[in-house]
Amino acid sequence: MKKTTTDIAVVGGGVIGLAVALQMRREGREVLVFEPNEPGSGASFGNAGTIADYAIIPVGTPSVLKNLASLMLNVDSPLSIRKAALPMLFPWLMRFAYESLPHRYRDNTGRIANLLSDASSSWLTLASEIGVSDLLSAKGCLYLYQTTEAFKAASSDIALRQNYGISQELLSSYEIRSLEPNLPEIEGGGLFFPNAINFTDPGRVMDAIAAAARQSGVEFIRSAVSAIAREANGVKIMSTTHEIQARSVVIAAGAHSGRLARQIGDPVPLDTERGYHLEFDMQTAPVERPVCPTHHGFYFCPMEGRLRVAGTVELGGLAAPPNRRRIDLLLSNARRVFPHLGEPSRTWMGFRPSMPDSVPVIRPSKGGKDIVFAFGHGHIGLTLAPRTARMVSSILAA
């Protein structure tokens, strides 16, 4: 086993860990990253590719709470749960239900809005620094509401976004077709977020961040961390291949972070959303921007040479294999909008780190700022990576 020391060890090489490592290295710190897989290859790669500065509404809302039982026990719901995982998930679900109460929903929305306030400008800066500005598309994002009742039901969320200054435009069925002429007739209406920025290839963006980190001097260890513990002269990190003594540690291991937090006596109510996507290879996608049929809870995402269909929420832990029913559900619902879609060219499942309140954990551990938490970003990890890196830097510098 190799033994060494470092100034800062980052546990996790997803978009959050990569952004943190790059930020700290540019500030002159010695940085080492533990990542057992290719950096940026998990949920950081498999997402909808959107810098979603409008995504201030938490997963848990009063509306979701009202329909929670039917949503989660219906295997074809956009928000579902693996029944076998229910006993393990019960404490998380109870906390989720509490966070969905009206006063908590409003408070959580405010906290998320504060984090997202400079998401787009932060990414424009980072994209320029790592040379991926050409992979950005500033065509916004479109939500679709199938019925007028569904549109009316979204009015409280729309009003809340308006209170926080989120740019959004209400569209008629005619205006939707003018924006996206290949869409079928939509009875309810649409909601357009004109300032949303999209990546045409999230995988290439992840490769660019990892390359920039390496070029700046960040060292990568291709190994999973098995144990972490405070000692008199720093924090010890154990993996299958290395034993590292670090001055400071940043836990940014996504859905795997909860286990490490418990090891240092700081349990966090973190669990896992299993996210899915399908991809259809094609030269020209049927939409020009991410489009979300809200009733089905997924996004059509136009990307380089393909259409990605990504989304839905399945609570079910880290161990179970992909749920074929969820993949089939994505496919059947995608074909409800675009019947011509054939068989997908590929499918994917990854793990989103999910907090009951949808607010990421970005803070020192209870035992001190020698260990900093940067995880639990749920659906907004890609969006918040640069902001999270700056927050971690401020914590370590304090």
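Throughout this document, residue positions are counted from 1 along each chain, in the order its sequence is written. With the structure being a predicted model, the display of local features is reserved for residues of pLDDT at least 70 and the display and counting of side-chain atom pairs for 80 or more, all residues being used for whole-chain, interface and lining totals. To get the side-chain values, all heavy atoms of the structure are used, and hydrogens and water are removed first.

As recorded in an unreviewed UniProt entry, the protein chain goes by the name FAD-dependent oxidoreductase, listed as coming from Agrobacterium vitis.

## Some words on the packing of helix 1 (residues 15-26) against helix 14 (residues 381-397)
How we decide: Helix axes are fitted only over the stretch in contact, all axes being lines through C-alpha atoms; the angle between N-to-C directions runs from 0 to 180 degrees. Helix and strand definitions here come from DSSP, where helices need a minimum of 4 consecutive H or I residues and strands a minimum of 2 consecutive E residues; each element is numbered from the N-terminal end. An angle counts as roughly parallel when it lies under 35 degrees, as roughly antiparallel when it exceeds 145, as roughly perpendicular when it falls between 65 and 115, and as oblique in every other case. Each crossing gets its hand from how the near helix is turned against the far one by less than a right angle, where anticlockwise is left-handed and clockwise is right-handed. Throughout, a contact is declared for two residues whenever any of their heavy atoms are within 4.5 Å. Residues are sorted three ways: Asp, Glu, Lys and Arg are charged, Ala, Val, Leu, Ile, Met, Phe, Trp, Tyr, Cys and Pro are nonpolar, and all the rest, Gly among them, are polar.
Viewed as axis vectors pointing N to C, helix 1 and helix 14 meet at an angle of 40 degrees, and their least axial separation amounts to 8 Å. Taken together, helix 1 and helix 14 sit at an angle that is classed as oblique. Seen from above, helix 1 lies across helix 14 with right-handed handedness. Residue-level contacts link Val15, Ile16, Ala19, Val20, Gln23 and Met24 of helix 1 to Gly381, Leu382, Leu384, Ala385, Thr388, Ala389, Arg390, Val392, Ser393 and Leu396 of helix 14. Among the residues forming the contact of helix 1 with helix 14, the class breakdown is eleven nonpolar, four polar and one charged.

## Notes on the pairing of strand 8 (residues 189-193)
What counts is decided by this rule: Note on exposure labels: buried denotes an accessible area under 20% of the residue type's maximum, exposed denotes more than 50%, and partly exposed covers the range between, all computed with a 1.4 Å probe on protein chains only. Any two strands between which DSSP finds at least two bridges are classified as paired.
With respect to burial, strand 8 is a largely interior element, five of its five residues being buried. Judged by which residues are buried, strand 8 turns out to be covered on both faces: Gly189, Leu191 and Phe193 on one side and Gly190 and Phe192 on the other are all buried. Pairing of strand 6 (residues 141-145) with strand 8 involves five bridges; the strand directions are antiparallel. Across the sheet, Tyr145 pairs through a bridge with Gly189, a residue of strand 8.

## Quick word on the nonpolar core
If you look at soluble globular proteins, the nonpolar side chains tend to sit buried side by side. Keep this limit in mind: Buried Ala, Val, Leu, Ile, Met, Phe, Trp, Tyr and Cys residues form a nonpolar core when they are joined through side-chain atoms within 4.5 Å.
Core analysis: the largest hydrophobic core is formed by 71 residues, its most contacted members being Val10, Tyr54, Trp123, Tyr143 and Val250. Per-element accounting of this core gives the leading share, eight residues, to helix 1. Contacts of Tyr143, omitting those with residues within four sequence positions, involve Tyr54, Arg161, Gly189, Gly190, Leu191, Phe193, Cys292, Thr294 and Tyr299.

## Here's the deal with the sheet that holds strand 5 (residues 136-137)
Strand order in the open sheet formed by three strands is 3-9-5, with antiparallel pairing between adjacent strands. Each edge of the open sheet is held by one strand with a lone partner, namely strand 3 (50-51) and strand 5. Alignment of strand 5 against strand 9 (residues 197-199), held across two bridges, turns out to be antiparallel. Looking at strand 9, one finds that Leu136 is bridged to Phe199.

## Description of the pairing of strand 1 (residues 2-11)
Rules: Crossovers are described as right-handed under a simple rule: with the strands pointing away from the observer, the path leading from the first strand over the helix to the second runs clockwise.
Pairing of strand 1 with strand 13 (residues 242-251) involves nine bridges; the strand directions are parallel. Residue pairing in the sheet places Thr6 in a bridge with Ala246 of strand 13. As defined by bridge partners, strand 1 adjoins strand 2 (residues 31-34) across four bridges and the pair is classed as parallel. The partner of Ile8 across the bridge, within strand 2, is Val31. For the handedness criterion, the β-α-β arrangement of strand 1, helix 1 and strand 2 is classed as right-handed.

## Topic: the pattern of salt bridges
Convention followed: Here a salt bridge means any side-chain nitrogen of Lys or Arg lying within 4 Å of a carboxyl oxygen belonging to Asp or Glu.
This structure, assessed with the given rule, holds 26 salt bridges. Between Glu99 and Arg104 there is a salt bridge whose closest N-O contact spans 3.0 Å. Take Glu99 and Arg104: they sit in the same class, and that class is buried. For Asp118, the salt bridge identified is with Arg387, shortest N-O distance 3.2 Å. Taken together, the residues Asp118 in the loop between helix 6 (102-116) and helix 7 (119-130) and Arg387 in helix 14 connect sequence positions 269 residues apart. Asp118 sits in the partly exposed class, given a relative accessible area of 22%. Looking at Arg387, the relative accessible area reads 16%, which means it is buried. Overlapping salt bridges, with partners in common, bring together Asp201, Glu279, Asp281, Arg306, Arg308 and Arg346 in one network.

## Digging into the environment of Asn74
Among the structural elements, Asn74 can be located in the loop between helix 4 (68-73) and strand 4 (79-81). In the structure, Asn74 is positioned 252 residues away from Arg326 in sequence and 12 Å away in space, judged by C-alpha atoms.

## Re the packing of helix 1 against helix 11 (residues 202-216)
One way to put it is that helix 1 packs onto helix 11 with a least axis distance of 9 Å and a crossing angle of 30 degrees. Between helix 1 and helix 11, the interaxial angle falls into the category roughly parallel. As helix 1 packs across helix 11, the resulting crossing turns out to be left-handed. Contact residues: Val15, Leu18, Ala19, Leu22 and Arg25 in helix 1; Met206, Ile209, Ala210, Ala212, Ala213 and Ser216 in helix 11.

## Here's the deal with the packing of aromatic side chains
Two measures describe an aromatic ring pair: the distance that separates the ring centres and the angle between the ring planes. Cut-off, in case you're wondering: Working definition: a ring pair exists when centres of Phe, Tyr or Trp rings (six-membered ring for Trp) sit within 6.5 Å. Plane angles under 30 degrees give stacked, over 60 give edge-to-face, the rest tilted. Note on criteria: charge over ring means Lys NZ or Arg CZ within 6 Å of the ring centre, with the direction from the centre no more than 35 degrees off the ring normal.
Tallying each qualifying case throughout the model produces eleven aromatic pairs. The interplanar angle of 10 degrees and the centroid separation of 5.3 Å between the aromatic rings of Trp92 and Phe96 together place this pair among those described as stacked. With Trp92 and Phe96 both in helix 5 (residues 86-99) and four residues apart, this pair spans about one turn of that helix. Accessibility classification places Trp92 together with Phe96 in one group, the buried group. A centroid spacing of 5.0 Å and a plane angle of 10 degrees characterise the contact between Tyr145 and Phe151, whose relative ring orientation is stacked. A residue is classified by how much of its surface remains accessible, and Tyr145, at 6% relative accessible area, is buried. In this structure Phe151 comes out as buried when scored by relative accessible area, which is 16%. The structure contains a cluster of three or more aromatic residues connected by ring pairs, namely Tyr54, Tyr143, Phe193 and Tyr299. For Arg214, the ring lying beneath its charged end belongs to Phe220, and the centroid distance is 4.5 Å. We note Arg308 situated over the ring of Phe45; from NZ or CZ to the ring centre the distance is 5.0 Å.

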